[in-house]
Structure formats: structure tokens, C-alpha cells
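# Reading the structure
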Amino acid sequence: MNYFPQRVERPAQIALLAALREVIAEAPLFIPAMPRSGNPMSVRMTNCGPLGWVTDKESGYRYQATHPKTGEPWPPIPNMLLDLWHEVVNYKAPPEACLVNYYAGSAKMGLHQDKDEEDFDAPVLSVSLGDTGIFRVGGRSRQDPTQKYALKSGDVVVLAGTDRLAYHGIDRILAGTSDLLPEGGRFNLTLRRVTKPE
Ligand code: MD3
Ligand code: FE
């Protein structure tokens, strides 16, 4: 895993947060539901970009061009994030999806692989904002040993090559570790290529 601690400095975090607030005003956070069971996830989500990742009881995990509640197209990916992609990711095409995860209180994300994209050759880029998240990453088998990282506000992670299919998750959020978000909690933004270019 390529880890860039504090890659986004405080003034840029503030600017990115302002852009994120505009995204959420157009595309409100929604509560994703697990396929089949319909059980809610503890994380709240929205997206920006031509495609967004969604999940619900009936249709499961997928990418689609519109918000599940408003039916509107997702707002565009903020330029700051597109710039960051071009600075830290070596890939021939721009990202198509920016998934926004919001973790409040005891929200977490169990160990999983990201396999809903057609293009596994493209790296995935993540930016953390707000309270520190305890991130766990292993190998391509669920049984592989895992390593923990405390992802702080402004930290950037890039998963490329063999890491792209590593199991990973968020164990917990450390409340009160950042003053970036007045409401507390943690945002994570992940940029992804979904379709194969050309
Ligand atoms: C490792 N999000 O949305 S981001 C997800 O902090 C997700 O919200 C976490 O896992 C979060 O799917 C982790 C860092 C990340 C993103 C994609 C990965 C790590 C990854 C893909 C492969 C391996
Ligand atoms: Fe993931």
C-alpha cells in the first residue's frame, strides 16, 4: 500500500471539505443497505462523478449514474480531487467514481474486497478528512495477516497492482482526534476507475 501521510495540508483539507459540503447539498448522504438482508450499513454514503457506488436490498452492490433517492445525476468530482489523482496515480484515464463515506460514532466497515469495478488495473485513491480511522489491510485471501494504520485527516492512500484486491476495512473511528469537522466523525473519499478505458 502506498501511504502518503498528511499529503493534503490543512488549508487544502478546508477547501476540500467546502467542496464536499456542496456535493452533499446536491446529493444527500444515504444509508446503504446490504444485499438480500436489507440490513443497514453503519456508514452513510454519497458519490460524485459520472458513476456512483450504491447498494440496496433488492439489487445489491453496483455502480449507477444517479442518486438512489433523488434520481438526479451525481455532481461532478471536485477539481482538487482530479488534480490529486493526476499527481499521485499513474494511470491512463481519469477516475469515474468518487465514493464519499461518512463515519459517525461507532460506524465501521467490515473486512471486504472492492470487486464491483470492471477495471482492476486502475489504482484506487483514498483521502481521509476528520477524525482518525483505524484502517486494516491484509492480502488477497481473507485469512492473510493484516496490518493496521491510523488514517488521519489529510492522509492519502493509493492501492495499485496486487494491493488492489487486498481485503481491507475500518475497525473504528477515534472520536475527538480532529477539529476539522464541527460535527465530528470521519469522511473518506475514494476515487475509482469503474470501466476499462477505450
Ligand atoms: C485497499 N473505504 O469504500 S478507504 C470502501 O476508509 C472502503 O472508508 C474505506 O474500503 C474507508 O470500499 C477504506 C482505503 C481503501 C480503498 C480501497 C481499497 C483501501 C483499499 C481497495 C483495495 C485495498
Ligand atoms: Fe473498500
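Owing to the predicted nature of the structure, the values given are computational and were not obtained by experimental measurement.

Looking at ligand 1, there are 19 residues lining it, with Asn101, Tyr103, His168, Arg186 and Arg192 nearest. A distance of 3.0 Å separates an oxygen atom of ligand 1 from a polar side-chain atom of Asn101. Take His112: an N or O atom from its side chain is 3.2 Å from an oxygen atom of ligand 1. In isolation ligand 1 has 500 Å² of accessible area, and contact with the protein removes 98% of it. Within the residue set of the shell around ligand 1, elements represented by two or more residues are strand 5 (97-103), strand 6 (109-112), strand 7 (124-130), strand 11 (168-174) and strand 12 (186-192). Looking at side-chain class alone, the shell around ligand 1 contains eight nonpolar, six polar and five charged residues.

A separate point is the sheet that holds strand 5. Strand pairing in a sheet takes place through backbone hydrogen bonds and is either antiparallel or parallel in direction. Strand order in this open sheet of six strands is 1-10-7-12-5-2, and the pairing throughout is antiparallel. Each edge of the sheet is formed by a strand with only one pairing partner; in this case those strands are strand 1 (2-4) and strand 2 (44-48). Averaged over all pairs of adjacent strands, the angle between their axes in this sheet comes to 20°, without regard to strand direction. One ladder, built from three bridges, connects strand 1 with strand 10 (residues 156-159); its direction is antiparallel. Across the sheet, the residue bridging to Tyr3 is Val157, located in strand 10. Its contacts with the sheet place helix 1 (residues 10-26) against strand 2, strand 5, strand 7 and strand 12, and it is angled at close to 80° to strand 12. Strand contacts of helix 2 (residues 79-88): strand 5, strand 7, strand 10 and strand 12, with the helix running at about 130° to strand 7, the strand carrying the most contacts.

Glancing now at the environment of Leu174. With respect to the element layout, Leu174 can be found in strand 11. For the pair Leu174 and Asp155, spaced 19 residues apart in the sequence, the C-alpha separation amounts to 15 Å. Non-local contacts of Leu174, meaning those with residues more than four positions away in its chain, are made with Asp131, Thr132 and Ile134.

Our next topic: unusual backbone geometry. Phi at Gln6 is positive, roughly 55°, even though this residue is not glycine. Here Gln6 is to be found in the loop between strand 1 and helix 1. What makes Gln6 partly exposed here is its relative accessible area of 41%. At Arg36, a residue that is not glycine, the phi angle is positive and equals roughly 70°.

All right, on to the environment of Ala12 then. Within the secondary structure, Ala12 is located in helix 1. Through-space distance from the C-alpha of Ala12 to that of Met80 is 8.5 Å; in sequence the pair is 68 residues apart.

A word on the pattern of salt bridges. Evaluation of the coordinates by the stated rule reveals nine salt bridges. When the shortest N-O distance is used, the salt bridge between Glu96 and Arg193 registers 3.4 Å. Of this pair, Glu96 sits in the loop between helix 2 and strand 5 while Arg193 sits in the segment after strand 12, placing them 97 residues apart in sequence. Residues Glu96 and Arg193 agree in their burial class; the two are buried. Glu117 is the partner of Arg192 in a salt bridge, and the nearest nitrogen-oxygen pair spans 3.4 Å. Linking Arg192 in strand 12 with Glu117 in the loop between strand 6 and strand 7, this pair joins segments that are 75 residues apart in sequence. Accessibility expressed as a relative area gives 8% for Arg192, which makes it buried.

Here is what the cut-offs are and how they apply
- Residues numbered from 1 in each chain as written.
- Chains lettered and ligands numbered in written order.
- Predicted model: local features only at pLDDT ≥ 70, side-chain atom pairs only at ≥ 80, totals over all residues.
- Heavy atoms only, no water.
- Near = heavy atom within 4 Å.
- Polar contact = N/O pair within 3.5 Å; in protein donor to acceptor, adjacent residues only side chain to side chain.
- Areas by Shrake-Rupley, 256 points an atom, 1.4 Å probe, with all protein chains shown as cover.
- Helix = DSSP H or I, 4+ residues; strand = E, 2+ residues; numbered from the N terminus.
- Nonpolar A, V, L, I, M, F, W, Y, C, P; charged D, E, K, R; others polar.
- Pairing = 2+ DSSP bridges.
- Axes fitted to C-alpha atoms, helices over the stretch in contact; angles between N-to-C directions.
- Contact = heavy atoms within 4.5 Å.
- Buried < 20%, exposed > 50% of the residue type's maximum accessible area, 1.4 Å probe, protein only.
- Salt bridge = Lys/Arg side-chain N within 4 Å of Asp/Glu carboxyl O.

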